[in-house]
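# Geometric and topological summary
One-letter residues, chain by chain:
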Amino acid sequence: MSIDWKTEGKTALVLTGGGARGAYQVGVLKAVADLFPKRSHNPFSIITGTSAGAINAVAIAASANNFRLSIKKVEKIWADISVSKVYNADTLHIAGSFIRLFMSLFNAGISKSKPISLLDNEPLRELLRHSIQFRNIQSRIDKGYLDAVGITASAYTNGESVTFFQGNTEINKWHNARKIGVPSVVSIEHLMASSALPTIFPAELIGREYFGDGALRQISPISPALRMGADRAMVIGVSGNVRMEDTPPVDTHSPSLAKMVGHIFNSAFIDALDSDLDHLGRINELIGIIENENPRAPTAGLKTIDLLCIEPSIEFDKIAEKHVQDLPRTMRAVLQVTGATQQGGGGSMASYLLFEGAFCRDLIRHGYSDAMEQEDMIRQFFGL
């Protein structure tokens, strides 16, 4: 028998993207689950995810009737993961990708076969098919274990940020400022689209349109959860930002290709969340001032949003540098050539592609530790 554990208002879980860094989110959620009574059902009314966060979100939603068990299932996926289960990293496949890229130059940059990418992530499709029971999602919604799950991807046609959501009938679609909410039956295709890292993994065709990683044009990562009715949100980031040194090191060489790509990825996966959190914080502060001055004053439909944000206390780049050796030989060579090494300064790029069990288990441990250090805040947020 499940324990019905509710808090006032609708609580959302917002999981951002970040490739292999998504393992960190599992560690945080594992700590949260350990703070709840055994066999409690999922405490989040709404779950949204982008990129790797989308995979975690859907996996949790599919087992929303037992929160702790759902996290154990997701943890097993990450703990046992390997590059071969996510993308083909052998010499033949990587050489084929470069050949298709070269041949596309003679066809206006368009591949005649499948979408252009540096890596083939078809193994990920099989992993998702065997690891997530998509058919259970609607059952969990119908039984009231959650209201909705939303997956965000970016449309290559018009650059819109599209959230495909599966939820109850009270949630309506939306379209505002290049942000769209589309009622859908969440499937593997939505996850493949949301996690299609630009240039790294191929775009995914949904309907008549190609989609890529949801972080590409997602300027407000928390917005989809609020659109679906959330009053409060727990956000798990993957920034890996720590306090900057007084005198940061200065590169004596131009940035490597890997460092530049990593910089782009950081902008997509980290900057938008930081900006959104800052924006919501300012709105909360403004509404608080208005309500203190005049409780009856109109606020144009705005409301305060209770936020709990857990972000890493570690540097993903440093941890990735220690685990690059775990990658297949061909992939190590690619990273070496592009500068995804300590010398090349591209450890950030490596951290997004390091889908190896040892690295991911390290991130899970750090996520668990970071969450437990904020145990009091978590207990207060959930009313435990």
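Residues numbered from 1 in each chain as written. Predicted model: local features only at pLDDT ≥ 70, side-chain atom pairs only at ≥ 80, totals over all residues. Heavy atoms only, no water.

Now for the overall build of the protein. Across its full length, the protein holds 14 helices and ten strands. In the protein, which comprises 384 residues, the share counted as buried stands at 54%. Look at the contacts in the protein between residues 6 or more apart in sequence, and 77% of them connect residues 24 or more apart. Accessible surface, the protein as shown: approximately 18100 Å² in total, 53% of it carbon and sulfur. (Helix = DSSP H or I, 4+ residues; strand = E, 2+ residues; numbered from the N terminus. Buried < 20%, exposed > 50% of the residue type's maximum accessible area, 1.4 Å probe, protein only. Contact = heavy atoms within 4.5 Å. Areas by Shrake-Rupley, 256 points an atom, 1.4 Å probe, with all protein chains shown as cover.)

So, on to the pattern of salt bridges. Think of it this way: side chains of opposite charge can pair up when their charged atoms draw near. Counted according to the given criterion, the structure contains ten salt bridges. Taking the shortest distance from any N to any O, the salt bridge between E126 and R129 comes out at 2.4 Å. Taken together, the residues span about one helical turn, with E126 and R129 both in helix α5 (residues 122-131) at a distance of three residues. On the basis of relative accessibility, which here comes to 37%, the residue E126 falls in the partly exposed class. Judged by its relative accessible area of 40%, R129 is partly exposed. Notably, a salt bridge pairs R379 with E375, separated by 2.9 Å at the nearest N-O pair. You can see R379 and its partner E375 sitting in helix α14 (residues 375-382), four residues apart, about one turn around the helix. Given the relative accessible area of 30%, R379 is considered partly exposed. (Salt bridge = Lys/Arg side-chain N within 4 Å of Asp/Glu carboxyl O.)

A word on the packing of helix α2 (residues 52-62) against helix α3 (residues 67-79). Running from amino to carboxyl end, α2 crosses α3 at an angle of 140°, the nearest separation of the two axes being 9 Å. In terms of orientation, α2 lies oblique with respect to α3. As for how α2 packs across α3, the hand of that crossing is right-handed. Here A52, N56, A59 and I60 of α2 come into contact with α3, specifically with S70, I71, V74 and W78. Taken together, the residues of the contact of α2 with α3 sort by class into six nonpolar, two polar and no charged. (Axes fitted to C-alpha atoms, helices over the stretch in contact; angles between N-to-C directions. Parallel < 35°, antiparallel > 145°, perpendicular 65-115°, else oblique. Left-handed = near helix turned anticlockwise from the far one by under 90°. Nonpolar A, V, L, I, M, F, W, Y, C, P; charged D, E, K, R; others polar.)

With that out of the way, let us pick up a nonpolar patch on the surface. Taken together, the side chains of Y156, L205, Y210 and L216 define a hydrophobic patch exposed on the protein surface, amounting to about 360 Å² of accessible area. Note that Y156 resides in the loop between β3 (148-155) and β4 (161-167). Under the relative-accessibility criterion, Y156 is labelled partly exposed at 43%. (Patch = residues over 30% accessible without salt bridge, like charges linked within 9 Å, V, L, I, M, F, W, Y side chains within 5 Å.)

One can describe the packing of helix α1 (residues 23-35) onto α3 by two numbers: an axis separation of 9 Å at closest approach and a directional angle of 155°. As judged from the angle between their axes, α1 and α3 are roughly antiparallel. Crossing of α1 over α3 shows left-handed handedness. Facing A23, V26, L29, K30, V32, A33 and D34 of α1, the residues of α3 in contact are F67, R68, I71, V74, E75 and W78.

Core analysis: the largest hydrophobic core is formed by 83 residues, its most contacted members being W78, Y87 and M234. Not counting chain neighbours up to four residues away, the residues in contact with W78 comprise G19, A20, G22, A23, V26, A52, N56, F355, G357, C360 and I364. Counting 16 residues, the second largest nonpolar core, distinct from the first, contains V14, I222, A233 and L280. (Core = buried A, V, L, I, M, F, W, Y, C linked by side-chain atoms within 4.5 Å.)

These figures capture arrangement, not role.
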